[in-house]
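Descriptive analysis of the structure
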Amino acid sequence: LINLVVQIMYHSKTGEFQLTENGGIDFLKIRGILFIKIKKAIGVLKLQTINIKSGVDLHFIEGDRFKTSLLTFNFTQPLKNPEASYNALIPAILRRGCNRYPKTTYLNTYLDDLYGANASYAIKKKGANQIVSMRFSTICDTIVPDLKPFSKLCALAKQMIFNPYLPNDEFFDEEYVEREKTNLIQYIESVINDKKEYAKKRLTEEMYKGETFGIFEFGDIEEIKKITPESLYEYYKNLSHRGLCNR
């Protein structure tokens, strides 16, 4: 990781760049092209890992040179059907709201108040595993020590993941589930419009037919259609208590 402060000025008349350096770099100036050679890298961040319990690890990187803090929850599950469809749908429901902020508009307003904090999710496939990631980021507490936005965002992340919005205290909101089912189905159907991704998907399905690796990480349309608010919440409860998340 490099700690450099560089100012670049462009002269429109000559078509040349000029560069002022701070941090130890060499530069070569040629008309229209700028080459920079790094002389020295300052500091290396160290990854620390703490085992919380069986199947749950905390990976921690501490540094004082960045203005943004990031918290990621990675839920790792073996790729299987119909579980893959449930896993792909759950983060979308969790992103909709929690007990404290049951409506998505309320949740987004609170995120905006934390200096434009971001809460997002991603679905990935790694080998025979499906990884569901929930990501939360905002500016560091050291930037605004009185507000402590990242500490508040961590508390919100806990609410969103472990205390989702349950209108009847029994299962997920039916409207949220139906909307997110539709969104997920539309995404799967839209893959055909991206020829590169569609070719990759079909090749994997044919080469690994009947095998775990051949399962699409976003699930199966017919399996998604069968999911109900009740069945999704039951699956979520088993997932959250199974100790399969690396936090």
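Before any of the text, the structure's been laid out above.
Here is a short report on the structure shown in this document. Per-chain numbering applies: the sequence of each chain, read as written, is numbered from 1 onward. Totals for whole chains, interfaces and linings use all residues, but because this is a predicted model, local features are given only for residues with pLDDT of at least 70 and pairs of side-chain atoms are given and counted only at 80 or more. Derived side-chain values reflect all non-hydrogen atoms in the structure, with water molecules and hydrogen atoms excluded from consideration.

Description of the pairing of strand E6 (residues 56-61)
Which entries qualify depends on this criterion: What makes two strands pair is DSSP finding at least two bridges between them. Where helices and strands are cited, they refer to DSSP runs of H or I of at least four residues and of E of at least two residues respectively, numbered from the N terminus.
In this sheet, E6 lies alongside strand E5 (residues 47-53) in antiparallel orientation, the contact comprising six bridges. Across the sheet, Leu 47 pairs through a bridge with Ile 61, a residue of E6. Following E5, the chain reverses through two residues before pairing antiparallel with E6; Gly 55 in that reversal takes a positive phi of roughly 85 degrees.

What about the environment of Ala 119?
What counts is decided by this rule: Working rule for contacts: check all heavy atoms of both residues, and any pair within 4.5 Å makes them a contact.
Mapped onto the elements, Ala 119 comes out in strand E8 (residues 118-126). As a C-alpha pair, Ala 119 and Leu 153 span 34 residues in sequence and 9.1 Å in three-dimensional space. When residues no more than four places from it in sequence are discounted, the contact partners of Ala 119 are Arg 95, Leu 111, Arg 135, Phe 136 and Met 160.

Some remarks on helix H1 (residues 83-96)
Rules: One less than the number of residues in a helix, times 1.5 Å, gives the span that helix is expected to have. Relative accessible area decides the class of each residue, using a 1.4 Å probe on protein chains only: under 20% of the type maximum gives buried, over 50% gives exposed, and in between gives partly exposed.
Here H1 contains 14 residues, and its C-alpha end-to-end distance of 21 Å stays within 8% of the 20 Å for a straight helix at 1.5 Å per residue. Burial analysis of H1 places 13 of its 14 residues in the buried class, which makes it a mostly covered element.

Quick look at the environment of Glu 62
Note on placement: Glu 62 falls in the loop between E6 and strand E7 (68-78). In this structure, the C-alpha to C-alpha distance between Glu 62 and Gln 48, residues 14 residues apart in sequence, is 8.6 Å.

So, empty space enclosed by the protein
The condition is simple: Cavity means a closed set of points on a 1 Å grid over the protein atoms alone, one where a 1.4 Å probe fits but cannot get out, pocket means an open set with protein on both sides within 12 Å along at least 5 of 7 lines, and lining means a residue has an atom within 4 Å of a point. Grid points are joined across faces, edges and corners, and a volume is the space filled by probe spheres set on the points. Under the scheme applied here, ten amino acids are nonpolar (Ala, Val, Leu, Ile, Met, Phe, Trp, Tyr, Cys and Pro), four are charged (Asp, Glu, Lys and Arg), and all others, including Gly, are polar.
The tally for this structure, following the rule as stated, stands at two cavities of 30 Å³ or more. Of the pockets and cavities examined, the largest cavity occupies roughly 90 Å³. Along the wall of the largest cavity there are 10 residues; nearest its centre are Phe 75, Ile 90, Leu 94, Val 132 and Leu 239. Residue contributions to the lining of the largest cavity peak at four residues, all from H1. Its residues placed into classes, the lining of the largest cavity shows eight nonpolar, two polar and no charged. In this model, the second largest cavity occupies a volume close to 30 Å³. Contributing to the lining of the second largest cavity are Ile 93, Leu 94, Gly 97, Pro 164, Tyr 165, Phe 172, Asp 173 and Tyr 176. Taken together, the residues of the lining of the second largest cavity sort by class into six nonpolar, one polar and one charged.

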